[in-house]
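# Structural overview for review
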Amino acid sequence: MIVGTKIPRKEGLQKVTGAARYVDDIVFPDMLHGVTVRSTAPRGKIKAIHFAPSIRWNEFTVITAKDIPGKNYVALITYDQPFLADTVINHPEEPVVLLAHHDKHVLEEARRAVTIEVEALPPVLTIEESLAKTQIVWGQDNSPHENIFKEYTVVKGDVAAAFARQDVSLFEAEYATGAQEQLYIENNGMIATYSAQDGVTVWGSMQCPYYVHKGLLPLFALGDDKVRVIQTETGGGFGGKEEYPTLLAGHAALLAMKAGKPVKMIYDRQEDMAATTKRHPSKTRVKSAVTKDGDLVGLDIDFVIDGGAYNTLSPVVLSRGTIHSAGPYHTPNVRVHSRAVATNSPPHGAFRGFGAPQSIFALERHLDEVARKMALDPVALRKRNFIRQGETTATSQTIREPVDLAAVLDKALAAADYDAKKKRFLAMNPSSVVKRGIGFATFMHGAGFTGSGEKTLASVVGVEALANGHVRVLAASTEIGQGTNTVFAQIVSDTLALPYDMIDVAQPDTRDVPNSGPTVASRTCMVVGKLVQSAAIGLEQTLVNAGDYKHGAGADAFAAACAKYIAKHGSLKCYSQYQQPANVEWDDKKYQGDAYATYAWAAYVAEVSVDMATYEIRCDDFVAAQEIGRVVHPVLAEGQIEGGVAQGIGYAIYEKVVWKEGRMANGQMTNYIMPTSADAPPIRVLFDEQPSPHGPFGAKGIGELPMDGPAPAILNAIAMALDVSPRAIPFLPEDLMALVKK
Amino acid sequence: MEAVVSDAPETLMALTLTVNGDRVRVAVSPTRTLLELLRYDLGLTGTKQGCDKGDCGACTVLLDGRPVNACITLALSVEGARVDTVEGLADGPRLHPLQDAFVRLGAAQCGFCTSGVLLSAKALLAENPAPARLQIKQALSGNLCRCTGYTKILDAVEDAARALCSKGQQP
């Protein structure tokens, strides 16, 4: 078996020798560079565009909204976001003009010589202003839905009755989370070419080639076969290259069409941080009803996220955040009301965790506060309420697979030496300037698209055998560092009992690979991997049916059978399409049912030290225990958890987006601080394996899970160390100072 | 910095340096950075541009054995120097122990920071063949990685240090 082993990653050699080709490493003859001129006002009307006479504009390719041959919208869930603003400005990074020139330095000078004259309108910059409808900035129709992209209500049981019970204590508090930049080390970039015969071709850094494909079709009013999208080696994504690359691909392609030459657009760090998507800021009000023994009998949650200026993926982010807001608890009475609101910031978008880190932060902080107020042990409070097999989630989904989150929690607490440390810290802290704390969070994360999402996507994967017996996986699922190539090859290798070296994964190119859906939602290994497996089985069956092969006959026999089949039929490919399992049912109207086919379950423990002389907060130790189904590749799986935990630590105590008139004011790594090797604590990763029928070899989703736990665990540790109730992240030294001096 | 004015003819100046053991003579503009020289003039694209401000370390190369951010090093300032990049790490088909450890232990995920990390680690091991974990953390603190949380990178550097020590090799 290759599944479960530490086989080296497929493209590892290229990555350690510098041979891997990222988009900015690719050069075409006669290629131009492109840049974007953006609005500076957060909201207004474009009155004029001025081109300073100091520039020889006839040397440049210049594009405005007027040059768009097709539709001026980015096709996603709704069609509200333009590729280029024509008359209306809705956020301060709105693209208005595109320029191309062969000399990058000259181009930069020209960018500064374009002035967008805007008649400013008053912007809406916060969740509160948007909800108060101080200005209507989206969906003006005199309905209650103005400024609201999406709204959900989830109801289970009778919350009012639970809160009216005589034997419960009621708790209520509001929690907030800030924006977070994905901060992949490779900025967004695209190269485009255009010809009348072949249409548009783009190469670039991306997670979802078919999102880009879908977006370019209406922009150029071209048919399916006239738009080709090719993923280049991608230097990290984390959601930041899910929907945004469509916009950049469109820009590069518009310039390429007009210039008649290849055009490369690579964002610099400042532009990438300021203009592209970030994690949605959120506000969550949690009300709970708890019996004196610690039974959580009612949860009433109001969850609001800031979607920025356009709808983009906010409804889906809101959905995941809503469903995860009640946590891994079997609370009988739950009401969740959630809204995604419009503001005049650049659209917020996909980022690992996708709404769940926000609402989980609120609930896990809240439960620690409840435990503290009721003098209950926070461990006992969680354990008493953990969902068990046969019980239901907030959407009334019955958990059918075995789950033992208490065991996962015990494992994490033991590895962290939680009890002894807590006792020691409580004894030492009163006499110490450096206070130490230990805290934890327990949570679940659904794998794959929410609700009916996978059914709607109906993803397709292909597997192709070559005459030499090598097998190629054909999927649009991208390798972005997480290990897609390796995991797919492992799955095929074990399914076909062929050596790992005989399995290749095709570079995603929409001309060659079917639409296996976007590389998001912790779905690649579990959902797409399962399709890879079934396509591989189908391929082998074709050879068996031809009478030329028997499973396990070996590589030589397989190669001979492939050669014979291909000689006769020309090629050997097999495709597999997603079918919703019969027992997975979802009601989109009532928001009830099986929100996800399966969940991963986790308990994270953080240890912190807080220097009360400097207010510096450090995370000193971290234990991440989780049940993720079958671990397909232990090193890659640990890598996912370790990397996600580090991002979560940044989310909790380092990474602050400073907003000024709707624009990121600290768009650089100098003062937007992500954890360095000197900041990251030892991260110990523990796995439980409860194989799930929904993934290949029992695998479940894993990628987003580690983003959910660190922030509440760390803030709970800070709360323990200082006997305070911090309710907002990022929690920086200045926030701590303000809290303790209050 | 003032933008380059399009009318001004570029004054090119001669530069001689040694890159990955090869002597190189080029004519460069005074505004050319070492990173631009490597990537655009010499085609050594293994060295990456992540921020262009000296913040992220993706462009780290060795200048006479010391790690520097190539993006904020002017090309003309390295006259006569020895520059080592990721392309020069392996000995033909034989990977450097750091490269080997990075592949085996999962220290490279997306790979974009990897070149810079490898060179910072190489400089560390040259100076300190058996570094403590904390020393590795400090030596790599100028190389940002968003994928790994650093654990596997630190493991790989320790592994390579052991391999180099046991072979009695110079890093």
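Residues numbered from 1 in each chain as written. Chains lettered and ligands numbered in written order. Predicted model: local features only at pLDDT ≥ 70, side-chain atom pairs only at ≥ 80, totals over all residues. Heavy atoms only, no water.

## Examining the overall build of chain B
Operational definition: Going along the chain from the N terminus, every DSSP run of H or I of four or more residues is numbered as a helix, and every run of E of two or more is numbered as a strand. It is over C-alpha atoms that the radius of gyration is taken, and the globule rule equals 2.2 Å times the number of residues to the power 0.38. Exposed residues in this analysis have more than 50% of their type's maximum accessible area, buried residues have under 20%, and partly exposed residues fall in between, with area computed by a 1.4 Å probe over protein chains only. Two residues qualify as a contact provided that any one of their heavy atoms is within 4.5 Å of a heavy atom in the partner residue. Surface accessibility in these figures is a Shrake-Rupley result with a 1.4 Å probe; residues are shielded only by whichever protein chains are displayed. All tallies of charge rest on Lys and Arg as positive and Asp and Glu as negative; His and the ends of each chain are not included. Charge positions are represented by NZ for Lys, CZ for Arg, CG for Asp and CD for Glu.
A tally of regular secondary structure across chain B gives 5 helices and 5 strands. Taken from N to C terminus, the helices and strands of chain B fall in the order β-β-α-β-β-β-α-α-α-α. The C-alpha radius of gyration of chain B comes to 17 Å, within 12% of the 16 Å expected for a compact globule of 171 residues. Relative to its 171 residues, chain B shows a buried fraction of 54%. Once local pairs closer than 6 in sequence are excluded, the contacts in chain B between residues at least 24 apart make up 55%. Total accessible area computed for chain B in this model is approximately 7200 Å², and 51% of it derives from carbon and sulfur atoms. Here chain B contributes 17 positive and 18 negative side-chain charges, whose respective centroids are spaced 8 Å apart.

## Notes on the nonpolar core
Here is a general trend for soluble globular proteins: nonpolar side chains tend to be buried in one another's company. Selection rule: Only buried Ala, Val, Leu, Ile, Met, Phe, Trp, Tyr and Cys residues count toward a nonpolar core, and they belong to the same one when joined by side-chain atoms within 4.5 Å. Throughout, the edges of the domains are those of an automatic or database domain assignment.
If you look at the biggest cluster of nonpolar residues, it comprises 112 residues, and the most contacted ones within it are Tyr 604, Val 605, Ile 714 and Ile 718 of chain A. At 10 residues, the largest contribution of residues to this core is made by strand S23 (residues 598-611) of chain A. Residues lining this core come from more than one domain, with at least three contributed by each of domain 1 (23-121 + 188-266) and domain 2 (282-450 + 589-741) of chain A. If we ignore the near neighbours within four places in the chain, the residues touching Ile 718 of chain A are Val 608, Ile 617, Ile 653, Asp 723, Val 724, Pro 726 and Phe 731 of chain A. Counting residues in hydrophobic clusters, the runner-up holds 49 residues, among them Met 273 and Met 669 of chain A together with Leu 125 and Cys 145 of chain B.

## Notes on the pattern of salt bridges
What counts here: Any Lys or Arg side-chain nitrogen located within 4 Å of an Asp or Glu carboxyl oxygen qualifies as a salt bridge.
On inspection of all chains with the given rule, the structure shows 58 salt bridges over all chains. Across the salt bridge formed by Arg 39 of chain B and Asp 24 of chain A, the nearest N and O atoms sit 3.5 Å from each other. Of this pair, Arg 39 of chain B sits in helix H1 (residues 34-41) while Asp 24 of chain A sits in the loop between helix H1 (12-17) and strand S1 (32-38), each in a different chain. Relative accessible area serves as the criterion here: at 5%, Arg 39 of chain B is assigned to the buried category. Of the charged contacts in the structure, one is a salt bridge between Arg 365 of chain A and Glu 369 of chain A, with a shortest N-O distance of 3.3 Å. With Arg 365 of chain A and Glu 369 of chain A both in helix H9 (residues 356-373), this residue pair falls 4 residues apart, about one helical turn.

## Comments concerning the sheet that holds strand S2 (residues 44-51) of chain A
The strands making up a sheet are joined through hydrogen bonds of the backbone, oriented either antiparallel or parallel. All names here are of chain A. Operational definition: Strand pairing requires that DSSP identify at least two bridges connecting the strands.
One open sheet holds the 3 strands; their spatial order is S4-S2-S6, and the pairing between them is antiparallel. Every interior strand has two partners, whereas the edge strands, strand S4 (88-89) and strand S6 (114-120), have only one. In this structure, S2 lies alongside S6, joined through 7 bridges in antiparallel fashion. Its bridge partner lying in S6, Gly 44 is registered against Ala 120.

## Focus on the pairing of strand S8 (residues 168-177) of chain A
All names here are of chain A. When S8 meets strand S13 (residues 282-291), the two strands line up antiparallel, connected through 10 bridges. By the bridge assignment for S13, Glu 172 is matched with Lys 287. Here S8 runs beside strand S28 (residues 728-729); their pairing, made up of 2 bridges, is parallel. Each residue of the ladder has a partner; that of Thr 177, found in S28, is Ile 729.

## A few points about the packing of aromatic side chains
Each aromatic ring pair is characterised by the separation of its centres together with the angle its planes make. Residue and element names in this part refer to chain A. The following threshold applies: Centres within 6.5 Å are what make two rings of Phe, Tyr or Trp a pair, Trp counting through its six-membered ring; a difference in plane orientation under 30 degrees is then read as stacked, over 60 as edge-to-face, and the rest as tilted.
Per the counting criterion, the structure on display carries 17 aromatic pairs over all chains. Here the aromatic rings of Tyr 418 and Phe 440 are separated by 5.8 Å at their centres, their planes lie at 85°, and the arrangement is edge-to-face. Remark: Phe 440 occurs in strand S16 (residues 434-447) and Tyr 418 occurs in helix H12 (residues 418-428); sequence separation between them is 22 residues. Its relative accessible area of 3% is what places Tyr 418 among the buried residues. Judged by its relative accessible area of 1%, Phe 440 falls in the buried class. Taken together, a centroid distance of 5.6 Å and an interplanar angle of 80° make the contact between Tyr 604 and Phe 622 edge-to-face. A residue pair is termed long-range when its members are at least 10 positions apart, and Tyr 604 in strand S23 and Phe 622 in strand S24 (residues 617-627) qualify at 18 residues. Taking relative accessible area as the criterion, Tyr 604 reaches 0% and is therefore assigned buried. By relative accessible area, which is 0% here, Phe 622 ends up buried. Following the ring pairs from residue to residue traces out a cluster consisting of Phe 51, Trp 57 and Phe 60.

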